[in-house]
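# Topology and contacts: notes
If you want the building blocks of each chain, they are given just below.
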Amino acid sequence: MSDFTMVSRVSTGVEGFDSIIGGGIPEGHIVTIFGTYGTGKTTFGLHFIYEGLKNGENAIYISLDEDEESIRDTASGFGMDLEAFKDSLEIIRLDPVSVKESLEKVRNEMLQAILEMGAKRLVVDTISVLEGLFDEKERWLPLSYLRNIIKKSGVTAILTSEADKTQSSSKYGILEYISDGAVALRFLRKSEIEEPILALEVIKMRRVKHSRKPTPYIITEKGIKVLEGAELF
Ligand SMILES: Nc1ncnc2c1ncn2[C@@H]1O[C@H](COP(=O)(O)OP(=O)(O)O)[C@@H](O)[C@H]1O
Ligand SMILES: [Mg+2]
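Residues numbered from 1 in each chain as written. Chains lettered and ligands numbered in written order. Predicted model: local features only at pLDDT ≥ 70, side-chain atom pairs only at ≥ 80, totals over all residues. Heavy atoms only, no water.

### With respect to the site of ligand 1
- As a matter of local geometry, ligand 1 sits amid 13 residues, with Gly-38, Gly-40, Lys-41, Thr-42 and Thr-43 nearest to it.
- For ligand 1, an oxygen atom lies 3.3 Å from a polar atom in the backbone of Thr-39.
- Between ligand 1 and Thr-43 there is a distance of 2.5 Å, counted from an oxygen atom to a side-chain nitrogen or oxygen.
- The protein chains hide 62% of the 580 Å² of surface that ligand 1 would expose on its own.
- If you list the elements that add at least two residues to the shell around ligand 1, you get α2 (41-54) and β10 (215-220).
- When residues in the shell around ligand 1 are grouped by element, the largest group, three residues, is from α2.
- A breakdown of the residues in the shell around ligand 1 according to their chemical character gives three nonpolar, eight polar and two charged. (Near = heavy atom within 4 Å. Polar contact = N/O pair within 3.5 Å; in protein donor to acceptor, adjacent residues only side chain to side chain. Areas by Shrake-Rupley, 256 points an atom, 1.4 Å probe, with all protein chains shown as cover. Helix = DSSP H or I, 4+ residues; strand = E, 2+ residues; numbered from the N terminus. Nonpolar A, V, L, I, M, F, W, Y, C, P; charged D, E, K, R; others polar.)

### Side note on unusual backbone geometry
- Across the junction of Asp-125 and Thr-126, the peptide omega takes the value 5°, indicating a cis bond.
- Along the chain, Thr-126 turns up in the loop between β6 (121-125) and α6 (127-131).
- The phi dihedral of Gln-167 falls on the positive side, at around 60°, and the residue is not glycine.
- Inspection of the secondary structure assignment puts Gln-167 in the loop between β7 (156-161) and α8 (175-178).
- Phi at Arg-207 takes a positive value of approximately 65°, unusual for a residue other than glycine.
- Tracing the sequence through the fold places Arg-207 in the loop between β9 (197-205) and β10.

### Re the sheet that holds strand β5 (residues 89-93)
- With mixed pairing, the nine strands of this open sheet are ordered in space as β5-β4-β6-β7-β3-β8-β9-β10-β11. Each edge of the sheet is formed by a strand with only one pairing partner; in this case those strands are β5 and β11 (223-226). The sheet shows a mean angle of 20° between the axes of neighbouring strands, taken without regard to direction.
- Sheet topology places β6 next to β7; four bridges connect them, and they run parallel. Looking at the pairing, Leu-122 lines up with Ala-157 of β7.
- Along the sheet, α2 makes contact with β3 (30-35), β4 (59-63), β5, β6, β7, β8 (181-188) and β11, crossing β6 at roughly 165°.
- Across the sheet, helix α5 (residues 103-117) is in contact with β4, β5 and β6; its angle to β4 comes to roughly 155°. (Pairing = 2+ DSSP bridges. Axes fitted to C-alpha atoms, helices over the stretch in contact; angles between N-to-C directions. Contact = heavy atoms within 4.5 Å.)

Below you can see the structure in the form of structure tokens.
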């Protein structure tokens, strides 16, 4: 049997997304979701966490920007009641500056937290905030630490990042290399006077056969809905 069929898949909980990547994220993989503000990165991460919680899994949500209350509010705006899962979910708000100052300590604590909890899912939102504090030459360091933690613990992870100006890669362009998969969330404009539409594109997904076609999606009071098969314009 090939790797292809052996790896079990983790459902993202994002309506219409799993089928694009053949049934979900391969277990233990790291997937980067990048996009400019308002494209739904946090929402995507919340769907992923909530799906796990509903399946009886433990999960960790690490926030490098929004505080815990704001995350809970965003989730409840989409009808996700995180309170109901307070025993299986840990929301950790980390100050990026403190993380940078004690990187090794955070690394050890994070690994310990995942292992102790037996977490199956991890979200780090937004990792580019931390990347931005490092010089170009050192920027890979927090990412390689993070990759190490994820691979050691076997957790399936979503890392979110701001996009670069062209919306075609993560802000610093390194995350894609340490990730097993990358998904772009983009605003597309047909013309200046028309409302932009949102479209996502699977840039890479190791061991997975996937489409690269930009697929439109919408964000409603129920969260993200990917409109697979719909035409862009
Ligand atoms: N309860 C809601 N109902 C409908 N749309 C919402 C709701 N909450 C947020 N949105 C929309 O989703 C967008 C994306 O939110 P978010 O996931 O926070 O994006 P990002 O993390 O990429 O900045 C918001 O800018 C808003 O347009
Ligand atoms: Mg966000």
